[in-house]
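Chains, contacts and geometry: an overview
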Amino acid sequence: MSGVLLIADASGEQLAATTAELVGEGVRLSAELGGPVTVLLAGKNVQGLAASLGGLGADNVLVADSQAPNPPSPDWQLAAAELAAKQVIPEAILLTHAGGARDVGPSLAFRLDSGIVTDATALRVEDGQLVITKPVFGGSAIAEFAITSSPKIVTLRPRAFEASEAPAAKDAQVEALSLPDTDGAIEVLEEIREQASSGPRLKDAKVIVSGGRGLGGPENWTYVEELAQVLGAAVGATRAITDAGWVSPSLQVGLTGATVAPDLYITIGISGAVQHIAGISGARNVVAINRDADANIFKYARFGVIGDWKQIVPAFTQRLKELRG
């Protein structure tokens, strides 16, 4: 076994924003483990995306291009990943811990009779052994894992790894994988993707403004949206807010919602429950606004503002508008 196999997310006929991170880590890891970097592109009408992966640093690209009228099923994606793994025989297989890959990874590990570590935030090779780091116990501790079987399968937390800058961009060797358009077990009739009404998508955002129960009521949610609009940020929410029906569940950040890793994460009226902290452990800078000086969120914040958000947030938003002209 040698090299690294990367399973890229090409849903929606375009590469996911995290693809550069996936390839970047694959290139770095292959330099230590040895062998080529191979990327699997499996989806509908993805052939045209193959060339861009060479530009990110991939050596080889395997393309499973479905021509079926409907989007490929999860089982079809899994079959493509299994076929690629058996053809490449890699030392490690990397996927992004998002979307369908979260389902493909564990299922692929079962089919290949191998081990998997999910939601990794760091990888390193020590004495020839791949060591995987990830938060555990809701983010209250950091653990290190080693997979003794091969291939070693790891899903990577989005935005926890550096994106590939392709210092040595190349023309990747592209090969088509022959795969039936359907497995006969599951048929996807329609795929509906909910888009944010404005601003970037939550999982890809570099800046996020989130609100919690400390806002008082749904009538105050506009303050969160206004600040996010000024910053060009995505909007997030705690589980308490989504459960109460203030906003769509798609905005929930936390252990049972979206796991995010923005450069800047601003919280308004969020106390810092363990399940929410678990979802933002990859955030590089947390700014907390809360009137409770003992709120748990301040333990994780780089900057904290203790006071009434009704006085702080509107003034902050107005000042940002002035600075941005």
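Described in the following lines is the structure provided in the data block. (Residues numbered from 1 in each chain as written. Predicted model: local features only at pLDDT ≥ 70, side-chain atom pairs only at ≥ 80, totals over all residues. Heavy atoms only, no water.)

**Some details on the overall build of the chain**
What counts, and what does not: Helix numbers and strand numbers start at the N terminus; a helix is a DSSP run of H or I with at least 4 residues, a strand a run of E with at least 2. For a compact globule the rule gives 2.2 Å times the number of residues to the power 0.38, and the radius of gyration it is set against comes from C-alpha atoms. Summary of the burial criterion: residues with accessible area below 20% of their type's maximum are buried, those above 50% are exposed, and those between are partly exposed, where the area comes from a 1.4 Å probe applied to protein chains only. The contact definition used throughout considers only heavy atoms, calling two residues in contact when any of these lie within 4.5 Å. Surface exposure here means Shrake-Rupley accessible area, sampled with a 1.4 Å probe, where a residue is shielded only by the protein chains that are shown. Think of it this way: Lys and Arg go in the positive column, Asp and Glu in the negative one, and His and the chain ends go nowhere. Working definition for charges: the position is that of NZ of Lys, CZ of Arg, CG of Asp or CD of Glu.
Helix and strand counts for the chain come out as eight helices and 15 strands. Its C-alpha radius of gyration of 21 Å places the chain within 12% of the 20 Å reference for a compact globule of 325 residues. Based on the C-alpha atoms only, the size of the chain along its principal axes is roughly 60 × 50 × 40 Å. Residue burial in the chain is summarised as follows: out of 325 residues, 48% are buried. Restricting to contacts in the chain with at least 6 residues of sequence separation, those with at least 24 account for 64%. As displayed, the chain has an accessible area near 15500 Å², and 50% of this comes from carbon and sulfur atoms. Positive and negative side-chain charges of the chain, numbering 25 and 36 respectively, have mean locations separated by a distance of 7 Å.

**Topic: the side chain of Arg159**
Worth spelling out the cut-off: Two N or O atoms count as a polar contact when they lie within 3.5 Å, although within protein this holds only if one can serve as hydrogen donor and the other as acceptor, and sequence-adjacent residues are included solely when both atoms are side-chain atoms.
If you trace the backbone, Arg159 turns up in the loop between strand E9 (152-156) and strand E10 (173-176). A distance of 2.8 Å separates a polar side-chain atom of Arg159 from the backbone oxygen of Ala261. In this structure Arg159 touches Glu21, Lys203, Asp204, Ala205, Lys206, Ala261, Pro262, Asp263 and Arg284, once residues within four positions along its chain are discounted.

**Let's talk about unusual backbone geometry**
Residue Pro151 is bonded to the preceding Ser150 through a cis peptide linkage, with omega at -5 degrees. Within the fold, Pro151 resides in the loop between strand E8 (141-146) and E9. The phi dihedral of Asp119 falls on the positive side, at around 60 degrees, and the residue is not glycine. In this structure, Asp119 sits in strand E5 (residues 116-120). Here Asp119 falls in the buried class, since its relative accessible area comes to 12%.

**Brief notes about the sheet that holds E9**
Here is the rule: Here a strand pair is declared whenever DSSP counts at least two bridges between the two strands. Lines fitted to C-alpha atoms define the axes here, with helix axes fitted over just the stretch in contact, and angles between the N-to-C directions of these axes take values from 0 to 180 degrees.
If you trace the seven strands from one edge of the open sheet to the other, you get E5-E9-E4-E1-E2-E3-E10, paired in parallel fashion. Each having just a single partner strand, E5 and E10 make up the two edges of the open sheet. Each neighbouring strand pair of the sheet contributes to a mean axis angle of 20 degrees, computed without reference to strand direction. When strand E3 (residues 60-66) meets E10, the two strands line up parallel, connected through four bridges. Across the sheet, Val61 pairs through a bridge with Val174, a residue of E10. Across the sheet, helix H4 (residues 101-111) touches strand E1 (4-8), strand E4 (92-96), E5 and E9, and the angle it forms with E4 is around 155 degrees.

**Notes on the nonpolar core**
Under the convention used in this document: What is meant by a nonpolar core is a set of buried Ala, Val, Leu, Ile, Met, Phe, Trp, Tyr and Cys residues, joined one to another through side-chain atoms within 4.5 Å.
Leu41, Leu94, Leu123 and Val154 are the most contacted members of the largest nonpolar core, which totals 32 residues. By residue number, the principal contributor to this core is helix H1 (residues 19-33), which donates four residues. Discounting chain neighbours no more than four positions away, the residues touching Leu41 are Ala8, Ala10, Leu15, Val46, Leu49, Ala50, Leu53, Val61, Leu62, Val63 and Ala64. Grouped together as the second largest cluster of nonpolar side chains are 21 residues, Ile7, Leu78, Ala80 and Ala109 included.

**Some words on the packing of helix H5 (residues 221-231) against helix H8 (residues 309-323)**
Here is the rule we go by: The labels follow the angle: roughly parallel below 35 degrees, roughly antiparallel above 145, roughly perpendicular from 65 to 115, and oblique for the rest. The handedness criterion is simple: a crossing whose near helix is rotated anticlockwise from the far helix by less than a right angle is left-handed, and one whose near helix is rotated clockwise is right-handed. Under the scheme applied here, ten amino acids are nonpolar (Ala, Val, Leu, Ile, Met, Phe, Trp, Tyr, Cys and Pro), four are charged (Asp, Glu, Lys and Arg), and all others, including Gly, are polar.
The N-to-C vectors of H5 and H8 enclose an angle of 25 degrees; their axes lie 10 Å apart at closest approach. The angle between H5 and H8 falls in the class roughly parallel. Seen along the crossing, H5 lies across H8 with a hand that is left-handed. Of the residues in H8, those in contact with Tyr223, Glu226, Leu227, Val230 and Leu231 of H5 are Trp309, Val313, Pro314, Phe316, Thr317, Leu320 and Lys321. For the contact of H5 with H8, the residue count by class is nine nonpolar, one polar and two charged.

**Details of the sheet that holds strand E6 (residues 122-126)**
Taking strand neighbours across the sheet as the criterion, the three strands line up as E6-E7-E8 in an open arrangement whose pairing is antiparallel. Two strands bound the open sheet, and with one partner strand each, they are E6 and E8. Recorded for the sheet is a direction-independent mean angle of 30 degrees between the axes of neighbouring strands. Relative to strand E7 (residues 129-136), E6 is paired through five bridges, and the arrangement is antiparallel. Bridge assignment links Val125 to a residue of E7, and that residue is Leu130. This element, H1, spans E6 and E7 of the sheet and lies at about 10 degrees to E6.

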